[in-house]
Amino acid sequence: MKLKDKRVLLTGATGGIGRALSLALVEAGCHLILVGREQAKLDQLIDDLPHSSNYLSIAADIGCAEGIKAVDKECQLYIQEGIPIDIVINNAGCNTFDYLTQRTLTSIEQEIAVNISAPMQLTKLSLTWLSYPGIILNIGSTFAAIGYPGYATYCATKAALHRFSEAMQRELKDTGRQVLFVAPRATDTDLNDQRVTALNKKLGNSTDSPKAVAKQILKTLQTEQKVCWIGWPEKLFVRINQLFPSLVASSIHKQKKHLNKSLSDINE
Ligand SMILES: NC(=O)c1ccc[n+]([C@@H]2O[C@H](COP(=O)([O-])OP(=O)(O)OC[C@H]3O[C@@H](n4cnc5c(N)ncnc54)[C@H](OP(=O)(O)O)[C@@H]3O)[C@@H](O)[C@H]2O)c1
């Protein structure tokens, strides 16, 4: 899709990838509807962005039904006012790095709500107002394809988002709308606390800058590539895990002592 003058609804706009992506989209000539939880953070983001574009913002917690409805209502109003929306990027996400035994039920529920329920519901609702042609792009993770200890719930939500995107891509084929999926690997944002950053360093995992991830997301929109796994060797591991999961399991098992140290899980 040619991005110049397209209007993009972006969730998680105030986060690490969201901020970098906002700038990259503006540089490509897009106009933005920025979604985040706090109006003050959204206002600050708009202040920081170039003034060449025009911005709308919606403050809503999309981890609950009221927030989803609020976003939908605002978008319907924009359409009535003659502001078309061409692209929806479901980027908001959250996770907690811990073994499942240590997780609270509330934190599991929240992760499911933000990472999978919200993009599914926003996809459904956006199909009533999204332009033709229109793109919905869902932000996944390498962990959509690789089950990793300490991230069981996160892996499950991102795997579900991957399948959802694939099914919707097929459901919408030849309708003028499509659903794309981009899976970043570890990225330098506040999503990862110090333990995760230290663990990635220890294990020699590469970490991308949000700017590099934003560049890949833009490329995916421009080329309309259905699925993009970011990073090498991560995209190879994704394939190996599909074909020979025991190989990946044994390599992850060797990392277990570092994982246990990071999580200080006395039950292990
Ligand atoms: N960082 C990584 O290593 C990595 C790797 C692979 C995939 N990803 C994915 O990339 C996406 C962006 O993550 P990030 O790294 O930029 O994380 P981040 O810096 O923590 O930003 C997360 C964004 O999601 C928003 N958000 C969280 N819960 C929300 C809720 N209930 N309602 C509305 N917004 C909510 C946050 O809003 P507030 O500003 O209001 O908190 C924030 O804007 C996520 O889907 C994540 O899973 C990240």
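Definitions and cut-offs
- Residues numbered from 1 in each chain as written.
- Predicted model: local features only at pLDDT ≥ 70, side-chain atom pairs only at ≥ 80, totals over all residues.
- Heavy atoms only, no water.
- UniProt positions renumbered as here; feature names shortened; annotations may be inferred.
- Helix = DSSP H or I, 4+ residues; strand = E, 2+ residues; numbered from the N terminus.
- pLDDT = per-residue confidence, 0-100.
- Patch = residues over 30% accessible without salt bridge, like charges linked within 9 Å, V, L, I, M, F, W, Y side chains within 5 Å.
- Areas by Shrake-Rupley, 256 points an atom, 1.4 Å probe, with all protein chains shown as cover.
- Salt bridge = Lys/Arg side-chain N within 4 Å of Asp/Glu carboxyl O.
- Lys, Arg positive; Asp, Glu negative; His and termini not counted.
- Charge placed at Lys NZ, Arg CZ, Asp CG, Glu CD.
- Axes fitted to C-alpha atoms, helices over the stretch in contact; angles between N-to-C directions.
- Parallel < 35°, antiparallel > 145°, perpendicular 65-115°, else oblique.
- Contact = heavy atoms within 4.5 Å.
- Nonpolar A, V, L, I, M, F, W, Y, C, P; charged D, E, K, R; others polar.
- Expected span 1.5 Å × (residues − 1).
- Near = heavy atom within 4 Å.
- Polar contact = N/O pair within 3.5 Å; in protein donor to acceptor, adjacent residues only side chain to side chain.
- Pairing = 2+ DSSP bridges.

- Going by what an unreviewed UniProt entry lists, the protein chain is known as Short-chain dehydrogenase/reductase SDR and is assigned to Psychromonas ingrahamii.
- The protein chain has a UniProt comment under Sequence similarities (unreviewed entry) that states "Belongs to the short-chain dehydrogenases/reductases (SDR) family."

## Some points on the UniProt feature "domain: Ketoreductase" (unreviewed entry) in the protein chain
In step 1: The feature "domain: Ketoreductase" (unreviewed entry), as annotated in UniProt, sits at residues 6-189 in this numbering.
In step 2: Taken end to end, residues 6-189 is 43% helix and 21% strand, and its two terminal C-alpha atoms sit 27 Å from one another.

## With respect to the confidence of the model for the protein chain
In step 1: Scored by pLDDT, the protein chain comes out at a mean of 96, with 99% of its residues at no less than 70.
In step 2: Mean pLDDT across the secondary structure elements of the protein chain bottoms out at helix α10 (residues 256-263), with 93, and peaks at strand β4 (residues 85-90), with 99.

## Regarding a positive patch on the surface
In step 1: A surface patch of positive charge is lined by Lys211, Lys215, Lys219 and Lys235.
In step 2: The leading source of residues in the positive patch is helix α7 (residues 210-223), at three residues.
In step 3: Secondary-structure assignment places lysine 211 in helix α7.

## With respect to the packing of helix α4 (residues 105-126) against helix α5 (residues 152-171)
The axes of two packed helices give the description: the angle between them and the distance between them.
In step 1: Axis separation between α4 and α5 bottoms out at 9 Å; the angle between their running directions is 10°. Judged by the angle between their axes, α4 and α5 are roughly parallel. From α4, Ile108, Glu111, Ile112, Asn115, Ile116, Pro119, Met120 and Thr123 reach across to α5, where they touch Thr153, Tyr154, Thr157, Lys158, Ala160, Leu161 and Phe164.
In step 2: Here the contact of α4 with α5 is composed, by residue class, of nine nonpolar, four polar and two charged.

## With respect to a nonpolar patch on the surface
In step 1: Taken together, the side chains of Trp232, Leu236 and Phe237 present a nonpolar region at the surface, about 330 Å² in accessible area.
In step 2: Within the secondary structure, phenylalanine 237 is located in helix α8 (residues 234-243).

## Looking at helix α1 (residues 16-27)
In step 1: Taking 1.5 Å of rise per residue, twelve residues should cover 16 Å, and α1 covers 17 Å from first to last C-alpha, within 8% of that figure.
In step 2: Of the residues flanking the end of α1, it is glycine 29, one or two places downstream, whose phi is positive at about 95°.

## Comments concerning the site of the ligand
In step 1: Around the ligand lies a shell of 28 residues, among which Thr14, Arg37, Asp61, Tyr154 and Thr189 are the nearest.
In step 2: Here an oxygen atom of the ligand and a backbone polar atom of glycine 12 are 3.2 Å apart.
In step 3: Between an oxygen atom of the ligand and a main-chain N or O atom of glycine 15, the distance comes to 2.9 Å.
In step 4: Here the ligand, which alone exposes 890 Å², has 93% of that area covered by the protein.
In step 5: At the level of secondary structure, the elements contributing two or more residues to the shell around the ligand comprise α1, α4 and α5.

## As for the sheet that holds strand β5 (residues 130-139)
In step 1: Read across the open sheet, the seven strands follow the order β3-β2-β1-β4-β5-β6-β7; overall the sheet is parallel. Each edge of the open sheet is held by one strand with a lone partner, namely β3 (55-59) and β7 (227-229). Sheet twist, expressed as the average angle between the axes of neighbouring strands with direction ignored, equals 15°.
In step 2: Pairing geometry for β4 and β5, over five bridges, is parallel. The partner of isoleucine 89 across the bridge, within β5, is leucine 137.
In step 3: Of the strands in this sheet, β1 (7-11), β2 (31-36), β3 and β4 are in contact with helix α3 (residues 65-80), which crosses β3 at around 155°.
In step 4: The sheet contacts of α7 involve β4, β5, β6 (177-183) and β7, and relative to β5 the element is tilted by about 145°.

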